[in-house]
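As a plain string of letters, each chain reads:
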Amino acid sequence: MTQTVKQKRLVVLGGGESGVGAAILAKVKGMDVFLSDMGKIAPRYADMLREHDIPFEQGTHTPQLILNADEVVKSPGIPPTAPMVQALAERNIPIISEIEFAGRYTDAKMVCITGSNGKTTTTLLTYHILKKAGINVGLAGNVGRSLALQVAFERHDVYVIELSSFQLENMYEFKANIAVLMNITPDHLDRYEYKMQNYVRAKFRIINNLTAQDAIIYWQDDPVITSQLRAISTEARLFPFSEHSEGDNTAAYVDDEGEIVFNTPVESLNMPRADLALNGLHNLFNSMAAGLSACLLDIKKEDIRNALSDFEGVEHRLEPAGTIDGVRWINDSKATNVNSCWYALESMPKAKTTVLILGGKDKGNDYTEIEHLVDEKVKAIVAMGLHNEKIIEFFGDKVKVVDTHSLDEAVAACYSLASEGDTVLLSPCCASFDLFKSYEDRGRQFKDAVKKLMK
């Protein structure tokens, strides 16, 4: 008698880029697939599911169709406290991430990048270097297309993957070849019981399963990263970067001549800091991390130099939105936490010539980190959100604060406060979900509002 092999049942929770990609990969691999989303699935994703004959539901989770899964792929935006996730856990049904699932079906090298700030720019910059060097490279994670969808239909030699703490939560056997830790500062603490160490542990899952052949690239001056590295054991090689050399082990730094030094066993090079396409201290660190990754992948020196010199930057990250009557307007909507705003303010002129827009959905912010920069550089704060009490309470006796509750109100207030030579900086420190669909929506509406002022 021929024994029938039971078809594996994979259930996907979440019908966005990540979830739909995972569902399609599972279908390609011959699994019994079902996708469920508590919200409404975007038409293009619903069409993709129908095209691949994958059954799905939206607006509900049907327990009978989910709790019979052999394994579940959970989209990163769904918290572990969600009722269906808890029900799965009670039944000991394995829950993994899309990245974990996709990693089972590719032998490509993985450059994985995380951090509270700078990870998107570093990811896109690393991808830019490799693409320009002629490497068959894919871009995935928080940017680019779903890793699972690419693995289903394409073959890449290297993937550059931006990983949030949410994605890292359900990664277990996945292994990076190069793990990049940009920085770790308080963020998403509402997801982590307002305990910083829970957030740190999630970020550090990026170094799980690394071997002696693998590498960890990290900011040498980040106290959280360095403390955590001292407290754990890893076989991976360490490649720290810093603004200045801190001994023989600093793998990237700026020397006394203003040259960035990249030093790895695979490739080493120097280039003038002034040649970097991106300005500011934060972008120096982003460029160092990307350059070190490229060196370890044995990319030619000239390709690295050229790519670091002509990269065009990231939308919503210190993006010029226009100049009106001598006032610069800057879109930094991607600054959804305090540390990211710190980097933006650090790049502003020292005189009190910045009108700063703060506000949105607070994630447990501690504004003391930017207090001295506000005192040094900011002439006024425009609070833009449904609930601005915390901002007003913290900054109200330090600088002029204007309370607004819409983008139009905020832009109008900035226009009246700013004078020739000033900068209006949207760097909110907060998530966007009180007034906007996303930080991208917030940034685009801001740019549109500035364009209207220019007419």
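Residues numbered from 1 in each chain as written. Predicted model: local features only at pLDDT ≥ 70, side-chain atom pairs only at ≥ 80, totals over all residues. Heavy atoms only, no water.

Moving on, we come to the state of the cysteines. Where two cysteines share a covalent bond between their sulfur atoms, that bond is called a disulfide. Across all of its chains, the model carries 0 disulfides by this definition. You can see cysteine 295 has no disulfide; the closest cysteine sulfur is in cysteine 112, sitting 19 Å from it. With no disulfide partner, cysteine 414 has as its closest neighbouring cysteine sulfur the one in cysteine 341, 13 Å distant. (Disulfide = S-S within 2.5 Å.)

Scanning the model with the defined rule gives 8 aromatic pairs in all. Centre to centre, the rings of tryptophan 219 and phenylalanine 285 are 5.1 Å apart; their planes meet at 35°, and the pair counts as tilted. Of this pair, tryptophan 219 sits in strand 10 (residues 215-219) while phenylalanine 285 sits in helix 11 (residues 281-296); the two residues are 66 residues apart in sequence, bridging distant segments of the chain. A cation over an aromatic ring shows up here: lysine 398 above the ring of phenylalanine 394, its NZ or CZ 4.4 Å from the ring centre. (Phe/Tyr/Trp six-rings, centres within 6.5 Å; stacked < 30°, edge-to-face > 60°. Helix = DSSP H or I, 4+ residues; strand = E, 2+ residues; numbered from the N terminus. Lys NZ or Arg CZ within 6 Å of the ring centre and 35° of its normal.)

As a further point, take the pattern of salt bridges. For the structure on display, the rule yields 19 salt bridges. For lysine 175, the salt bridge goes to aspartate 214, with nearest N and O atoms at 2.9 Å. With lysine 175 in the loop between helix 8 (165-168) and strand 9 (178-181) and aspartate 214 in the loop between helix 9 (196-203) and strand 10, the pair connects residues that are 39 residues apart, well separated along the chain. By relative accessible area, which is 3% here, aspartate 214 ends up buried. We note a salt bridge from glutamate 315 to lysine 447, for which the minimum N-O separation is 2.8 Å. Of this pair, glutamate 315 sits in the loop between helix 12 (301-310) and strand 15 (319-324) while lysine 447 sits in helix 17 (residues 439-454), and the two are 132 residues apart along the sequence. (Salt bridge = Lys/Arg side-chain N within 4 Å of Asp/Glu carboxyl O. Buried < 20%, exposed > 50% of the residue type's maximum accessible area, 1.4 Å probe, protein only.)

One non-glycine residue, asparagine 209, lies in positive phi territory at about 70°. Position of asparagine 209 relative to the elements: it lies in the loop between helix 9 and strand 10. Even without glycine at this site, histidine 316 takes up a positive phi of about 75°. Secondary-structure assignment places histidine 316 in the loop between helix 12 and strand 15. When its relative accessible area of 1% is taken as the criterion, histidine 316 is described as buried.

Let's shift gears to the sheet that holds strand 4 (residues 71-74). Within the open sheet, the 5 strands sit side by side as 3-2-1-4-5. Their pairing is parallel. Edge positions in the open sheet fall to strand 3 (56-58) and strand 5 (95-96), since each of these has one partner strand only. Where strand 2 (residues 32-37) lies against strand 3, 3 bridges are found, and the strand directions are parallel. Its bridge partner lying in strand 3, aspartate 37 is registered against glutamine 58. Sitting on the sheet, helix 4 (residues 83-90) touches strand 1 (9-13), strand 4 and strand 5, and the angle it makes with strand 1 is about 150°. (Pairing = 2+ DSSP bridges. Contact = heavy atoms within 4.5 Å. Axes fitted to C-alpha atoms, helices over the stretch in contact; angles between N-to-C directions.)

It is worth spelling out the side chain of asparagine 365 at this point. Summarising the element assignment, asparagine 365 is placed in the loop between strand 17 (354-358) and helix 14 (368-377). Within polar-contact distance, the side chain of asparagine 365 engages the side chain of tyrosine 367 at 3.2 Å. In this structure asparagine 365 touches Val338, Lys390, Cys429 and Cys430, once residues within four positions along its chain are discounted. (Polar contact = N/O pair within 3.5 Å; in protein donor to acceptor, adjacent residues only side chain to side chain.)

What follows is about a negative patch on the surface. Together, Glu389, Asp403, Asp408 and Glu409 give the surface a local cluster of negative charge. Topologically, glutamate 409 is positioned in helix 16 (residues 407-417). Residue classification places glutamate 409 among the partly exposed positions, given a relative accessible area of 40%. (Patch = residues over 30% accessible without salt bridge, like charges linked within 9 Å, V, L, I, M, F, W, Y side chains within 5 Å. Areas by Shrake-Rupley, 256 points an atom, 1.4 Å probe, with all protein chains shown as cover. Lys, Arg positive; Asp, Glu negative; His and termini not counted. Charge placed at Lys NZ, Arg CZ, Asp CG, Glu CD.)

Residues Phe101, Ile161 and Leu181 are the most contacted members of the largest nonpolar core, which totals 56 residues. Looking at this core element by element, the count peaks at 6 residues for helix 1 (residues 17-28). Not counting residues up to four positions away in its chain, the partners in contact with isoleucine 161 are Ile99, Met110, Val111, Cys112, Ile113, Thr123, Ala140, Gly141, Leu147 and Phe174. (Core = buried A, V, L, I, M, F, W, Y, C linked by side-chain atoms within 4.5 Å.)

Right, let's get into helix 12. Those residues of helix 12 that sit buried are Ile304, Ala307 and Leu308. On an axial view of helix 12, the arc spanned by its buried residues comes to 100°, and they lie on one face. Elements that come into contact with the buried residues of helix 12 comprise helix 6 (119-132), strand 13 (259-263), strand 14 (268-272) and helix 11. (Arc of directions from axis to C-beta.)

Here we come to the environment of glutamate 100. Summarising the element assignment, glutamate 100 is placed in helix 5 (residues 98-103). C-alpha separation for the pair glutamate 100 and aspartate 375, spaced 275 residues apart in sequence, amounts to 45 Å. For glutamate 100, the contacting residues outside a window of four places in its chain are Asn170, Met171, Tyr172, Glu173 and Phe174. Within polar-contact distance, the side chain of glutamate 100 engages the backbone nitrogen of phenylalanine 174 at 3.1 Å.

Quick look at the sheet that holds strand 17 now. The 6 strands are arranged 15-16-20-17-18-19 in an open sheet whose pairing can be described as mixed. Each end of this open sheet is capped by a strand with a single partner; those strands are strand 15 and strand 19 (400-404). Strand-to-strand twist of the sheet, defined as the mean angle between neighbouring strand axes without regard to direction, takes the value 20°. Inspection of the sheet shows strand 15 paired to strand 16 (residues 327-331) by 5 bridges, in the antiparallel sense.

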